[in-house]
Amino acid sequence: MRRFALSLCASPQDAEDAAQEALIILYRKIGTLRATGALASWMFRIVRNECLRHVRQLASRSDSAPAGPDAPPVPGAPTEPSAEDAVLRRLEAERIAAAVSALPRDQRQVLILRDVQGLPGRSVARSLGLSDAAMKSRLHRARTALRDALTTTTPTG
């Protein structure tokens, strides 16, 4: 969950906060989960929503914070993304998450374990009870389907 949050959040601190909040939400609402097989996708959705909430909070803080025109920019300091960039990034993350969610379950599992969580191929194969070749085949099909889905759909805007 933390790695997934790191891929969506702007900073490691935000990712840590989002992952912790997601665990709290998961703990509080686990009784509402109907299908046990949906636990992983539900967890990732909660993490994604928490990361998006952090982005919204950052955007609202930067909008309400008075701009200091007298303060010169610090050379070498990272510039904060504009609210428009944050929204575009959020929309892109939502589009990717929707495309991943649309994958067949077997492909989605392999893709998340391998590419999102960063587990080694053999570990993924073992945890899913697959041969290395079967895991690689599913991963290839998942990546191809995801690439096709993301190139055929256009971002909202």
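What counts, and where the lines are drawn
Residues numbered from 1 in each chain as written. Predicted model: local features only at pLDDT ≥ 70, side-chain atom pairs only at ≥ 80, totals over all residues. Heavy atoms only, no water. Helix = DSSP H or I, 4+ residues; strand = E, 2+ residues; numbered from the N terminus. Buried < 20%, exposed > 50% of the residue type's maximum accessible area, 1.4 Å probe, protein only. Areas by Shrake-Rupley, 256 points an atom, 1.4 Å probe, with all protein chains shown as cover. Axes fitted to C-alpha atoms, helices over the stretch in contact; angles between N-to-C directions. Left-handed = near helix turned anticlockwise from the far one by under 90°. Contact = heavy atoms within 4.5 Å. Nonpolar A, V, L, I, M, F, W, Y, C, P; charged D, E, K, R; others polar. Lys, Arg positive; Asp, Glu negative; His and termini not counted. Salt bridge = Lys/Arg side-chain N within 4 Å of Asp/Glu carboxyl O. Core = buried A, V, L, I, M, F, W, Y, C linked by side-chain atoms within 4.5 Å.

## A closer look at the overall build of the protein
Turning to step 1, where the next piece is worked out: A tally of helices and strands in the protein yields 7 helices and 0 strands.
Turning to step 2, where the next piece is worked out: Secondary structure of the protein in N-to-C order comes out as α-α-α-α-α-α-α.
Turning to step 3, where the next piece is worked out: Of all 157 residues assigned to the protein, the portion counted as buried reaches 27%.
Turning to step 4, where the next piece is worked out: Of the roughly 10,500 Å² of accessible surface on the protein, 56% is carried by carbon and sulfur atoms.

## Let's talk about the packing of helix α5 (residues 105-116) against helix α6 (residues 121-128)
Turning to step 1, where the next piece is worked out: Between α5 and α6, the least distance of the axes is 9 Å, while the angle of their chain directions is 140°. For the pair α5 and α6, the crossing hand works out as right-handed. Touching Gln109, Val110, Leu113 and Arg114 of α5 are Gly121, Val124, Ser127 and Leu128, all from α6.
Turning to step 2, where the next piece is worked out: Split into classes, the residues belonging to the contact of α5 with α6 amount to 4 nonpolar, 3 polar and 1 charged.

## Topic: the environment of arginine 122
Turning to step 1, where the next piece is worked out: Structurally, arginine 122 is set in helix α6.
Turning to step 2, where the next piece is worked out: For arginine 122, a relative accessible area of 60% puts it in the exposed group.
Turning to step 3, where the next piece is worked out: Sequence separation between arginine 122 and lysine 136 is 14 residues, and the spatial gap between their C-alpha atoms is 9.6 Å.

## Describing the side chain of arginine 48
Turning to step 1, where the next piece is worked out: Tracing the backbone shows arginine 48 in helix α3 (residues 39-64).
Turning to step 2, where the next piece is worked out: The buried charged residue arginine 48 lacks any salt bridge, with glutamate 94 as its nearest oppositely charged partner at 5.5 Å.
Turning to step 3, where the next piece is worked out: Apart from the residues within four sequence positions on either side, arginine 48 is in contact with Phe4, Leu8 and Ala97.

## Here we look at the nonpolar core
Turning to step 1, where the next piece is worked out: In terms of nonpolar packing, the biggest core is built from 27 residues, with Val47, Cys51, Val110, Leu111 and Met135 touching the most fellow members.
Turning to step 2, where the next piece is worked out: If you list the elements that add at least two residues to this core, you get α1 (2-8), α2 (12-29), α3, α4 (83-102), α5, α6 and α7 (132-152).
Turning to step 3, where the next piece is worked out: For this core, the leading source of residues is α3, giving 6 residues.
Turning to step 4, where the next piece is worked out: Setting aside residues up to four positions removed in sequence, leucine 111 forms contacts with Val100, Leu103, Val116, Leu139, Ala142, Arg143 and Leu146.

## What to know about the environment of alanine 125
Turning to step 1, where the next piece is worked out: One can find alanine 125 in helix α6.
Turning to step 2, where the next piece is worked out: Residue alanine 125 is classed as buried on the basis of its relative accessible area of 1%.
Turning to step 3, where the next piece is worked out: When the C-alpha positions of alanine 125 and arginine 114 are compared, they lie 9.5 Å apart, and in sequence the two are 11 residues distant.
Turning to step 4, where the next piece is worked out: Leave out the neighbours within four places in its chain, and alanine 125 touches Leu130, Ser131, Asp132 and Met135.

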